[in-house]
Amino acid sequence: MALTAVIRVPSRALLRPWARLRDAALGWIEPAGGGGVEVSAQRFASQKVLVEPDPAAGVAVMKFKNPPVNSLSLELLTELVISLEKLENDKTVRGVVLTSDCPGIFSAGLDLTEMCGRNPAHYAEYWKAVQEMWLRLYLSNLVLVAAINGASPAGGCLIALTCDYRVMADNPKYCIGLNETLLGIVAPFWFKDNLVNTIGHRASERALQLGLLFPPTEALQVGMVDKVVPKDQVQSTALSVLAQWMAIPDHARQLTKNMMRKPTADRLLKQRDADIQNFVSFISRDSIQKSLQMYLEKLKQKKG
Amino acid sequence: MALTAVIRVPSRALLRPWARLRDAALGWIEPAGGGGVEVSAQRFASQKVLVEPDPAAGVAVMKFKNPPVNSLSLELLTELVISLEKLENDKTVRGVVLTSDCPGIFSAGLDLTEMCGRNPAHYAEYWKAVQEMWLRLYLSNLVLVAAINGASPAGGCLIALTCDYRVMADNPKYCIGLNETLLGIVAPFWFKDNLVNTIGHRASERALQLGLLFPPTEALQVGMVDKVVPKDQVQSTALSVLAQWMAIPDHARQLTKNMMRKPTADRLLKQRDADIQNFVSFISRDSIQKSLQMYLEKLKQKKG
Amino acid sequence: MALTAVIRVPSRALLRPWARLRDAALGWIEPAGGGGVEVSAQRFASQKVLVEPDPAAGVAVMKFKNPPVNSLSLELLTELVISLEKLENDKTVRGVVLTSDCPGIFSAGLDLTEMCGRNPAHYAEYWKAVQEMWLRLYLSNLVLVAAINGASPAGGCLIALTCDYRVMADNPKYCIGLNETLLGIVAPFWFKDNLVNTIGHRASERALQLGLLFPPTEALQVGMVDKVVPKDQVQSTALSVLAQWMAIPDHARQLTKNMMRKPTADRLLKQRDADIQNFVSFISRDSIQKSLQMYLEKLKQKKG
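Since we're looking at a predicted model, the values are computed, not measured.

Secondary structure summary: chain A contains 13 helices and 11 strands in total. At a minimum sequence separation of 6, the contacts of chain A that also span at least 24 residues come to 78%.

Okay, here's the thing in structure tokens:
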């Protein structure tokens, strides 16, 4: 069973207009068979998140590298938070570009193998890590710019939404959005809050209920991304934008960012444990577990 | 005195660009002389709201039929809530199109005869029914699509705003908006909340203060409706949109809708009685009653 | 040392695309050397805010006259609030146009000489006056229309944002925005709230962090102003708009305006003293005082 087969599924799917919505959702499932990879990855823990610092420019590029689809495994989340913390403590770095090392995909979102067939303690640990990632990114003192060089559904979209600015590749096969409903699940309220802050209440209501995945042009129109450029210019554009934001005195910019975002982050902080409990009891339901199992089985068969 | 005369007033008025704003507001007054119709209608109570189910498609079309202008009488409101409840309990139905059976008008809004020359207990009963209609529609588990096939001022606009999607006929004589200030009254805070959630704070501030009634093209631009199509395609388009929304797993879509809307509905629920008291004491004022009486007299004279 | 030299700085600066952002921020500094003017102005206190009533039309034009850049000195703020109160108590006036008597500048915002080299009691008095100005304008029962006939950074922008409608001159050298971060300081939360209510959360997040100053066309696009017209039509257009708003029954319009804005004003009212304390302790910091001193020195040298 080749892991590359997994990537083929969403890739092909992305070529089909409507179907791609459902299939890209499949994209955020890493097959249970990927467990072997998990083990080997633990030996090279620092390889899920590559950090390329440029002290002269005061910036760093952070690349997600969790093939095939950069699913947000517990390991990747942990590494991401540690890497971010290191950068925030590094006086030579003031801005970071977030991008992907996996061709065609920014991140396919949460890792379903962390949410399926495990025990409640594991679900709780995983969800806490997802919360932690969001809180750290959303409130980061660094300037964060997303260089979205591939599809970015669900949790991938969330990461992009935490940034200060979003540059996306103009490939119409790529799309971005919180498509949770397509899988029969619901985006948590803080995903929703982050989206409403970005594209407004009405557009969020429609996008979230329909699980819309926007191609670049539509994402730009609705305000989900800020700029669309040819793929080979995504990273350089992100770096230019970073330079603009870094022209602002750090302290004033950071206080302003915090003023804009703290009330939203506080909503999660005030009910963080309850949110974990909600997730654990929801994901533990037989109906949800069965539905996730079916997806994983389907994926395995496709690769058979 | 022919009731058809009443409908002629807003119809003619709609042809005059600016004047139509004021005159369409008159459209939401049902003359006191219509009382005879009320009585006869009570015998055929189920006729104010026609429901045409299509179990094969899993949908129903709900048509308001309270000629001449679909004013939201206590009777219509009661029927609407009962019909909606029946549909929500009907496992064969997952989505509903809301539209009008009266030519040229979706609904002219609240029924002024319910708000004029009655006693406080009646005002309280009426207002509770208006609240109930809004709460039921706004939080409905069904997919609701408005097929706006005519003018839709004040309460008519509110009904449209509660839906998940709004399709409007492209007739420039039709218009939609919360025009309460033109009559010297004020939209309640929950009308306002629903509008802000739909078109944003700034556009609402302007539209509510000026009592703006938007022709279809402008309504589309400001986000008050989602699609404008030729009149004969309004219902079919609404049904197509319904099918798109129904492609989403019900449970996930319903939880998402609830997450988006519950905080807004809760604001009313938390102060429902106070809101009724506010309405009763406002509408009972001599100055307001006189002003409403004058409108009703003016209407009678026009029909003389 | 000629005061006219001061005005030349921002004027010239406005001609340079990017540099104008920083320099226009300098525009809101009145040099310490202007103290002599302060004294003489105190003798003619009523001259900082000119009021031209037109009882026949039921309107008045209020012109800021604090050369060279209409900086919001304690004196101007006090006069503004008194003038506004008089107009609100004047039964013949229902609407006011706010504009500038100084060529090329609407208002350059807060007066740095009030915030530099003074004692904490003065800072507290000054900040209370800034709060008072905002609260009075934002909640005014009058229709307020801004005729923005010049550059409008920082506090100048805030005044415009409190109005019911904003008309701006189409001169690309003029710009408008809350550019506080460019000076290393932070817009208070109620500046932010007013901006978010006007242009939405995402646009505010970007504009506030980057301290963006928008030329008229961009200001229109982002929703920071409502109409852009040739400079010689700014005031007449503002008066036409005023007439439109005054066509609405006052009582209904005022209640509606209050319903839209009171929650935002209440946020400041609930923590007014704490907000003053924050300002005093922030502005009293050695680092901030040094930075402000440097700006003032630089201005003096430019005029040398």
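Note on the identical chains: chain C maps onto chain B by a rotation of 120 degrees and an axial translation of 0.0 Å, with an RMSD of 0.0 Å. Both copies of the chain, as the preceding transformation shows, are related through a three-fold rotation axis. In terms of C-alpha distance to the rotation axis, chain C has Gly200(C) as its closest residue, with the C-alpha 4.4 Å off the axis.

What follows concerns helix α5 (residues 120-138) of chain A. Taking 1.5 Å per residue as the helical rise, α5(A) with its 19 residues ought to reach 27 Å, and the 27 Å between its terminal C-alpha atoms agrees with that figure. The set of residues buried in α5(A) consists of His122(A), Tyr123(A), Tyr126(A), Trp127(A), Ala129(A), Val130(A), Gln131(A), Met133(A), Trp134(A), Leu135(A), Leu137(A) and Tyr138(A).

All names here are of chain A. Strand order in the open sheet formed by six strands is β1-β2-β4-β7-β9-β11, and the pairing between neighbours is mixed. Single-partner strands in this sheet number two, and they are β1 (49-54) and β11 (227-229). This sheet shows a mean twist of 20 degrees between the axes of neighbouring strands, independent of strand direction. Bridge count between strand β9 (residues 165-169) and β11: three bridges; the pairing is parallel. For Met 168, the partnering residue across the bridge sits in β11 and is Val 228. Against the sheet, helix α10 (residues 234-246) makes contact with β2 (59-64), β4 (95-100), β7 (143-148), β9 and β11, and its axis sits at roughly 165 degrees relative to β7, the strand it touches most.

Interface size is commonly expressed as the accessible area that is lost once the parts come together. Contact with chain A, which involves 20 residues of that partner, is made by 21 residues of chain B. For the pairing of chain A and chain B, the buried interface totals around 1,800 Å² over both sides, and the portion due to carbon and sulfur atoms is 63%. It is His201(A), Arg202(A) and Gln209(A) in chain A that bury the most area against chain B; as a group they hold 37% of the surface buried on that side. Here chain A is connected to chain B by two salt bridges. In this structure, the salt-bridge partner of Asp226(B) is Arg202(A), at a minimum N-O distance of 3.0 Å. Taken together, chain A and chain B are joined by six residue pairs in polar contact (both at pLDDT 80 or more). Classifying every residue of the side of chain A that touches chain B by side-chain character gives nine nonpolar, five polar and six charged.

Another aspect to go through is the packing of aromatic side chains. By the definition in use, this model includes 18 aromatic pairs over all chains. Relative to Phe279(C), the ring of Trp127(C) has its centre 4.0 Å away and its plane inclined at 10 degrees; by these criteria the two rings are stacked. With Trp127(C) in helix α5 (residues 120-138) and Phe279(C) in helix α12 (residues 272-283), this pair connects stretches of sequence that are 152 residues apart. By relative accessible area, which is 4% here, Trp127(C) ends up buried. Pairing Trp190(C) with Phe191(C) gives two aromatic rings, centres 5.0 Å apart and planes at 65 degrees, and the pair type is edge-to-face. Across the pair, Phe191(C) and Trp190(C) agree in class, each one buried. Ring pairs connect the aromatic residues Trp127(A), Trp134(A), Tyr138(A), Trp190(A), Phe191(A) and Phe279(A), which therefore count as one cluster.

Turning our eyes to something else, we now look at the packing of helix α8 (residues 201-210) of chain A against helix α11 (residues 250-269) of chain B. In contact at an axis separation of 9 Å, α8(A) and α11(B) are set at 165 degrees when each is read in the N-to-C sense. Overall, the two elements α8(A) and α11(B) adopt an arrangement that is roughly antiparallel. Where α8(A) crosses over α11(B), the two elements pack in a sense that is right-handed. For the pair α8(A) and α11(B), contact is made by His201(A), Ser204(A), Glu205(A), Leu208(A) and Gln209(A) and by Arg253(B), Thr256(B), Lys257(B), Met259(B), Met260(B) and Arg261(B), respectively. Residues that form the contact of α8(A) with α11(B) fall into these classes: three nonpolar, four polar and four charged.

Before going further, it helps to examine the pairing of strand β8 (residues 150-153) of chain A. Residue and element names in this part refer to chain A. In terms of strand pairing, strand β5 (residues 104-105) meets β8 through two bridges, oriented parallel. Paired with Ile 105 across the two strands is Ala 151, which belongs to β8. Of the strand pairs in this sheet, β8 and strand β10 (residues 176-177) are connected by two bridges, and their pairing is parallel. Within β10, the residue paired with Ser 152 across the bridge is Ile 176.

Right, let's talk about unusual backbone geometry for a bit. Residue Pro68(B) is bonded to the preceding Pro67(B) through a cis peptide linkage, with omega at 10 degrees. Within the secondary structure, Pro68(B) sits in the loop between β2 (59-64) and β3 (71-72). In the Ramachandran plot, Ala154(A) falls in the positive-phi region, its phi being about 45 degrees despite a non-glycine side chain. Relative to the elements of secondary structure, Ala154(A) occurs in helix α6 (residues 154-162).

Moving on, we get to the interface of chain C and chain B. Of the residues lining the interface, 21 residues belong to chain C; the matching set on chain B comes to 20 residues. Summed over both partners, the interface of chain C with chain B comes to about 1,800 Å²; 63% of that surface belongs to carbon and sulfur atoms. Linking chain C with chain B are two salt bridges. The tally of links between chain C and chain B comes to six residue pairs in polar contact (both at pLDDT 80 or more). Listing elements by their share of the side of chain C that touches chain B, those giving two or more residues are β9 (165-169), α7 (189-199), α10 (234-246) and α11 (250-269) of chain C. When residues of the side of chain C that touches chain B are assigned to their parent elements, the largest contribution, nine residues, is made by α11(C). Class assignment for the residues of the side of chain C that touches chain B results in 10 nonpolar, five polar and six charged.

This paragraph deals with the pattern of salt bridges. A complete count under the given rule lists 48 salt bridges over all chains for this structure. Measuring nitrogen to oxygen at the nearest pair gives 2.9 Å for the salt bridge that ties Lys262(B) to Asp266(B). Here Lys262(B) pairs with Asp266(B), and both are found in helix α11, just four residues apart, close to one helical turn. The class of Lys262(B) is partly exposed, set by a relative accessible area of 38%. One salt bridge in this structure joins Asp193(C) and Arg267(C), with 2.6 Å as the shortest N-O distance. Here Asp193(C) is found in helix α7, whereas its partner Arg267(C) is found in helix α11, with 74 residues between them in sequence. In the salt-bridge network here, residues are joined through shared partners; they are Asp164(A), Arg166(A), Asp226(A), Lys257(A), Arg261(A), Arg202(C) and Glu205(C).

Here is what the cut-offs are and how they apply
- Residues numbered from 1 in each chain as written.
- Chains lettered and ligands numbered in written order.
- Predicted model: local features only at pLDDT ≥ 70, side-chain atom pairs only at ≥ 80, totals over all residues.
- Heavy atoms only, no water.
- Helix = DSSP H or I, 4+ residues; strand = E, 2+ residues; numbered from the N terminus.
- Contact = heavy atoms within 4.5 Å.
- Least-squares fit on C-alpha atoms with pLDDT ≥ 70 in both.
- Expected span 1.5 Å × (residues − 1).
- Buried < 20%, exposed > 50% of the residue type's maximum accessible area, 1.4 Å probe, protein only.
- Pairing = 2+ DSSP bridges.
- Axes fitted to C-alpha atoms, helices over the stretch in contact; angles between N-to-C directions.
- Buried area = accessible area lost by both parts, 1.4 Å probe.
- Salt bridge = Lys/Arg side-chain N within 4 Å of Asp/Glu carboxyl O.
- Polar contact = N/O pair within 3.5 Å; in protein donor to acceptor, adjacent residues only side chain to side chain.
- Nonpolar A, V, L, I, M, F, W, Y, C, P; charged D, E, K, R; others polar.
- Phe/Tyr/Trp six-rings, centres within 6.5 Å; stacked < 30°, edge-to-face > 60°.
- Parallel < 35°, antiparallel > 145°, perpendicular 65-115°, else oblique.
- Left-handed = near helix turned anticlockwise from the far one by under 90°.

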